[in-house]
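For reference, the chains in residue letters:
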Amino acid sequence: MECPACGGPVTMEVGPDQPLSASVTDALLAADEAEQIIVARNCWACGWTEDRSVVIDSIETTEGDADAVERAALLDDIMSEATAIDSLATLEDALVEIRRQRSLETAASSSPKDVDGD
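Residue numbers restart at each chain and count upward from 1, following the sequence in its written direction. Confidence filtering applies because this is a predicted model: local features only for residues at pLDDT of at least 70, side-chain atom pairs given and counted only at 80 or more, and all residues used for totals across whole chains, interfaces and linings. As a convention, hydrogens and water are excluded, and side-chain values are obtained from all of the structure's heavy atoms.

With that settled, consider the pattern of salt bridges. We define a salt bridge as a side-chain nitrogen of Lys or Arg found within 4 Å of a carboxyl oxygen belonging to Asp or Glu. What the rule picks out here adds up to 3 salt bridges. A salt bridge links Glu-50 to Arg-41; the nearest nitrogen and oxygen atoms lie 2.3 Å apart. When a residue's accessible area, from a 1.4 Å probe over protein chains only, is under 20% of the maximum for its type it is buried; when over 50% it is exposed; and in between it is partly exposed. Residue classification places Glu-50 among the partly exposed positions, given a relative accessible area of 23%. Linking Arg-52 and Glu-50 is a salt bridge whose minimum nitrogen-to-oxygen distance equals 3.1 Å. Residues participating in the shared-partner salt-bridge network are Arg-41, Glu-50 and Arg-52.

One non-glycine residue, Ala-34, lies in positive phi territory at about 70°. Relative to the assigned elements, Ala-34 resides in the loop between helix H1 (24-30) and strand E2 (36-43). By relative accessible area, Ala-34 is classed as exposed at 61%. Comment: elements are numbered from the N terminus, with helices defined as DSSP H or I runs of at least four residues and strands as E runs of at least two.

Here it is, written out as structure tokens:
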């Protein structure tokens, strides 16, 4: 963010009871109902400053889809493993296997079902 007075860089500090490294997002997600969060923006070039405060009126939470959470975690694990592989041949083999598995799943789900019991 740029300073509205001089165009210099602006720093943001979240308080009052947050660690110095806390982001606004982290402070909001960690807040309790009726808690006040103060965000101070400062330009160290010209001295411009602004304080804003947010008071948490109510908090609503919903739980996410467990399957979506598990899928995201598995994708993260797969990406971590894939980025750790140095061998191009190993990556190519993994891609071939993934595509083979997907084609088997597609074929199994689209095959005609035996409705007569024969």
